[in-house]
Structures are given as structure tokens and as C-alpha cells.
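So the chains spell out like this:
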Amino acid sequence: MKKLFLALIALIVSFGVAHADKYTLNRENLPEQAREMLTKYFPKAKVAMIKVDRHLLKKTDYDVKLVNGTKIEFNNAGRWTSVDCKSRAVPDALVPRTIRNYVSKNFDGVKITKIERKLKGFEVELEDGIELTFDLLGTFKKMDMKD
């Protein structure tokens, strides 16, 4: 019984160590595609923190926080899944053209401050708290107010 208990404790400890998140400032810990995206769209921004999030059954993902407050999430391949620029505008090149056109036509002068890639499309948050949902082709689906 004692050996079983010790084995169980050892398993739990090793499970916790395997799931430990890693925090760093070194961009080299990111996949190449993520490093390229940061260099291209946020060339002057300094990294405040990179969280390497290892999961047991899922693949690793990465959370990057820049000094200016911008948060970017990447999947295991380095493709961005979320860009939250807080009160700043998300770089235009990251927003599909159809979504940019819809926002500029229907919300003139309002900035896109957050964009998320979802399985079925995109979710966009505007600076005034309006959340818009689009399909993969950029066709508008619905609008909500942020709580």
C-alpha cells in the first residue's frame, strides 16, 4: 500500500513538472512563423513576456505580451490565433480585407482593437466595445455588445 501511495505521488509530481509553463523574454523560444509575424507587424515593440504553454494532450501554444500592452497568442506552429492591441488599432494587414471593408463602411472611423481566429471564422472587437463575428470568408454573421 505504501509503495502504491509513493508511486501515485511520484506520478502526480511528474505530471505537474511536465505541465509547468515557461516564462521567457527570448524570442528564440517562439516558432519561426511567430518571430516573423512579430518582426513584420510589431517591429519596434519590445517583448515584456513570452509564456510557453505546454499541454499534456494538446500541443504547445505561446502567449506574448508586448511592453505597450498588446497581447498576441500563437498556436504550436506559430500562427497567430488572437491579437489584442487594447486601445490601439490592430495592424491592417492582419485583418482580412473583407472585414476591414465591412468595418470601415459600417463603423466609419472606429478602430479594430482585437481580432481572434476561430474554427468557423473571426471575432473582431472595436474600440467602442462592439464585437463582430465573421465567417472564414469574411462575411458578417452577428454583432454583440461587450459586457
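Note that the structure is a prediction, hence the values are computed from the model and not measured. (Residues numbered from 1 in each chain as written. Predicted model: local features only at pLDDT ≥ 70, side-chain atom pairs only at ≥ 80, totals over all residues. Heavy atoms only, no water.)

### Details of the sheet that holds strand β1 (residues 22–24)
Phase 1 of the analysis: Taken together, nine strands build an open sheet; the order of strands is β1-β2-β3-β4-β5-β6-β7-β8-β9 and the sheet is antiparallel. Only two strands of the sheet have a single partner each, and these edge strands are β1 and β9 (140–145). Adjacent strand axes in the sheet meet at a mean angle of 15 degrees, parallel and antiparallel pairs treated alike.
Phase 2 of the analysis: As judged from the three bridges shared by strand β5 (residues 80–84) and strand β6 (residues 112–118), these two strands associate in the antiparallel manner. Considered in β6, the bridge of Val83 is made with Ile115.
Phase 3 of the analysis: Relative to strand β4 (residues 71–74), helix α2 (residues 32–41) is tilted by about 155 degrees, and along the sheet it contacts β3 (61–66), β4 and β5.
Phase 4 of the analysis: Contacts between helix α3 (residues 97–106) and the sheet are confined to β6, β7 (121–126), β8 (130–135) and β9, with β8 contributing the most and set at about 140 degrees to the helix. (Pairing = 2+ DSSP bridges. Helix = DSSP H or I, 4+ residues; strand = E, 2+ residues; numbered from the N terminus. Axes fitted to C-alpha atoms, helices over the stretch in contact; angles between N-to-C directions. Contact = heavy atoms within 4.5 Å.)

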